[in-house]
Amino acid sequence: MSDATASQPARRGIAMLRRIDPAVAASFGCILLLLLVGSLYSRSFLSPDYLLQQLKVASFLGVIATGMMLVILLGQIDLSVPWVVTTGAMMACAAAAHGTTGAIIAIPCGILCGAAIGLLNGVGVAYLRIPSMIITLATNAVAQGLMVAYTGGFAPQDSASKAMRYLATGTIVPGVPNAVLVWAIIGGAAIWLLSRTTFGRAIYAIGNRERAAYLSGIDTRRITMLAFALSGALSAFGGVLLAGYASKAAQSMGDAYLLPSIAAVVLGGTHILGGRGSYLGTVAGVVLITLLQSILSVMQISEAGRQLIYGAVIILMLLIYGRQKL
């Protein structure tokens, strides 16, 4: 065997290593480190049952982060997540209260409400040229006002439908929670959408340079509007799953998902200025954040300490990878 032939596998290996995103590799490295640290504090931390439970918890954030990734790839941001999540959950539960027909339309109703808010965001950003930070904050406030008016300021009384509870807590495949399967299906669809369709390629093109994408023939306004609509729909679907998990909706139940959904996307290597990122990185970011929250709870650290450590880790990773631009 010649030296040139022998060196081909080595060159291929080096080429593969160069294609690995450092941020994705760092996220998976941090996941392994957290698993090791967690196992030192609790023997059950690495048990299959505990890990499946953590994956189940991560799936709710994963669904929401999928929509956030589409928007961030455009170089935009969606700050309406908290009350879009809540609106999707509350409207699905409200529909479920209307007998058999309501139970059937509960999940689609919640998702459509989120899609409508996302569509409003998209129209504002794409056609009215309102900065995404401003329009999404405004729609978040409007959604909050509508939901508070709907409930009179009290906790919602409607319960989740059986389908919502089964989707969030049931197991159609033995040993695998349905919520994890839902996230896997949505993740697979997102990978296909971003890598195999003109819509996905257009999102990357707009994020890299919107003017150049427009001049190349891409309908940048329509793509932007649809991306925001998908983000709203996925945020609302996340709310539907959360309502099914808790058996009912709650005021402000989406507040805890705004920063983690953004951080999961950026920690996974998606550039905050748009144009570059992989869904595998987002998965790593979601799992990383979920494990970080879990290990802080296992270590019985006070709430103040949890917030300090949680915020410091996110800031550190963002400083390392979040400011890069293609």
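From a predicted model like this one, the values you see are computed outputs, not experimental measurements.

Engineer: How should I be thinking about the overall build of the protein chain in this particular structure?
Structural biologist: Each helix and strand in the protein chain was counted, giving 14 helices and zero strands. Ordered by position in the sequence, the α and β elements of the protein chain form the string α-α-α-α-α-α-α-α-α-α-α-α-α-α. Across the protein chain, every contact between residues at least 6 apart in sequence was considered, and the portion connecting residues at least 24 apart equals 77%.

Engineer: Honestly, the nonpolar core in this entry has me stumped. Any pointers?
Structural biologist: In a soluble, globular protein the nonpolar side chains are often hidden away together inside. Grouped together as the largest cluster of nonpolar side chains are 79 residues, with contacts concentrated most on Met164, Ile203 and Phe237. Setting aside residues no more than four positions away along its own chain, Phe237 makes contact with Val63, Ile107, Ile111, Leu167, Val182 and Ile186.

Engineer: Explanation requested: a nonpolar patch on the surface in the structure shown.
Structural biologist: The grouping of Leu119, Val123, Tyr127 and Leu128 at the surface amounts to a nonpolar patch, some 340 Å² of accessible area in total. Examined against the element boundaries, Tyr127 turns out to sit in the loop between helix H5 (99–126) and helix H6 (132–151). Exposure remark for Tyr127: the relative accessible area of 37% places this residue in the partly exposed category.

Engineer: Just to check I follow, could you spell out H6 for this structure?
Structural biologist: Each turn of an α-helix holds 3.6 residues, which means side chains three or four residues apart point in the same direction. With 20 residues, H6 ought to run about 28 Å at 1.5 Å a step, and its terminal C-alpha atoms sit 28 Å apart, in line with that. Residues of H6 that are buried include every one of Ser132, Ile135, Thr136, Thr139, Asn140, Ala143, Met147 and Thr151, and no others. Buried residues of H6 fall within an arc of 135 degrees about the axis and therefore sit on the same side. Seen from the buried face of H6, the exposed residues on the opposite side, beyond 90 degrees, are Val142 and Ala149. Residues of H6 that are buried in the fold lie against helix H4 (81–96), H5 and helix H11 (220–246).

Engineer: Explain the pattern of salt bridges here, please?
Structural biologist: Side chains carrying opposite charge are able to pair once their charged atoms draw close together. Per the counting criterion, the structure on display carries two salt bridges. Among the ionic pairs, Arg129 bridges to Glu210, the shortest N-O distance being 3.6 Å. Pair noted here: Arg129 is in the loop between H5 and H6 and Glu210 is in helix H10 (residues 210–215), with a separation of 81 residues, a long-range link. With relative accessibility at 52%, the residue Arg129 sits in the exposed group. Here Arg222 makes a salt bridge to Asp219, at a shortest N to O gap of 3.8 Å. For Asp219, a relative accessible area of 39% corresponds to the partly exposed category.

Engineer: Please explain the environment of Phe45 as it appears in this structure.
Structural biologist: Assignment of secondary structure puts Phe45 in the loop between helix H2 (22–41) and helix H3 (48–73). Sequence spacing of Phe45 and Val298 is 253 residues, and the spatial spacing of their C-alpha atoms is 8.8 Å. Excluding residues that lie within four positions of it along the chain, Phe45 makes contacts with Leu34, Leu35, Gly38, Ser39, Tyr50, Leu51, Leu291, Ser294, Ile295 and Val298.

Engineer: Explanation requested: the packing of aromatic side chains in the structure shown.
Structural biologist: Pairs of aromatic rings are described using the distance from one ring centre to the other and the angle between the two planes. Scanning the entire structure with this criterion turns up one aromatic pair. Here Phe60 and Tyr245 contribute two aromatic rings whose centre-to-centre distance is 5.2 Å and whose plane-to-plane angle is 55 degrees, an arrangement assigned as tilted. Taken together, the residues Phe60 in helix H3 and Tyr245 in helix H11 connect sequence positions 185 residues apart. Overall, the relative accessible area of 2% leaves Phe60 in the buried class.

Engineer: Got a minute to help me understand the side chain of Ser294 in this structure?
Structural biologist: Looking at where Ser294 falls in the secondary structure, it is placed in helix H13 (residues 279–298). The exposure class assigned to Ser294 is buried, which follows from its relative accessible area of 8%. Side chain to side chain, Ser294 and Tyr50 meet in a polar contact 2.4 Å long. Beyond its immediate chain neighbours, meaning those up to four positions away, Ser294 contacts Phe45, Tyr50 and Gln54.

Engineer: In this structure, what is going on with unusual backbone geometry? I would like to understand it.
Structural biologist: With glycine set apart, most residues show a phi of negative sign, and most peptide bonds adopt trans. The residue Arg129 is not glycine, and still its phi comes out positive at about 60 degrees. One non-glycine residue, Ser247, lies in the positive phi region at around 75 degrees. If you trace the backbone, Ser247 turns up in the loop between H11 and helix H12 (258–267).

Engineer: Any chance you could explain the side chain of Ser231 here in plain terms?
Structural biologist: Positionally, Ser231 belongs in helix H11. Within polar-contact distance, the side chain of Ser231 engages the backbone oxygen of Gly67 at 3.5 Å. Beyond its immediate stretch of four places on either side in the chain, Ser231 contacts Gly67, Met68, Val71 and Asp78.

Criteria and thresholds
Residues numbered from 1 in each chain as written. Predicted model: local features only at pLDDT ≥ 70, side-chain atom pairs only at ≥ 80, totals over all residues. Heavy atoms only, no water. Helix = DSSP H or I, 4+ residues; strand = E, 2+ residues; numbered from the N terminus. Contact = heavy atoms within 4.5 Å. Core = buried A, V, L, I, M, F, W, Y, C linked by side-chain atoms within 4.5 Å. Buried < 20%, exposed > 50% of the residue type's maximum accessible area, 1.4 Å probe, protein only. Patch = residues over 30% accessible without salt bridge, like charges linked within 9 Å, V, L, I, M, F, W, Y side chains within 5 Å. Areas by Shrake-Rupley, 256 points an atom, 1.4 Å probe, with all protein chains shown as cover. Salt bridge = Lys/Arg side-chain N within 4 Å of Asp/Glu carboxyl O. Expected span 1.5 Å × (residues − 1). Arc of directions from axis to C-beta. Phe/Tyr/Trp six-rings, centres within 6.5 Å; stacked < 30°, edge-to-face > 60°. Polar contact = N/O pair within 3.5 Å; in protein donor to acceptor, adjacent residues only side chain to side chain.

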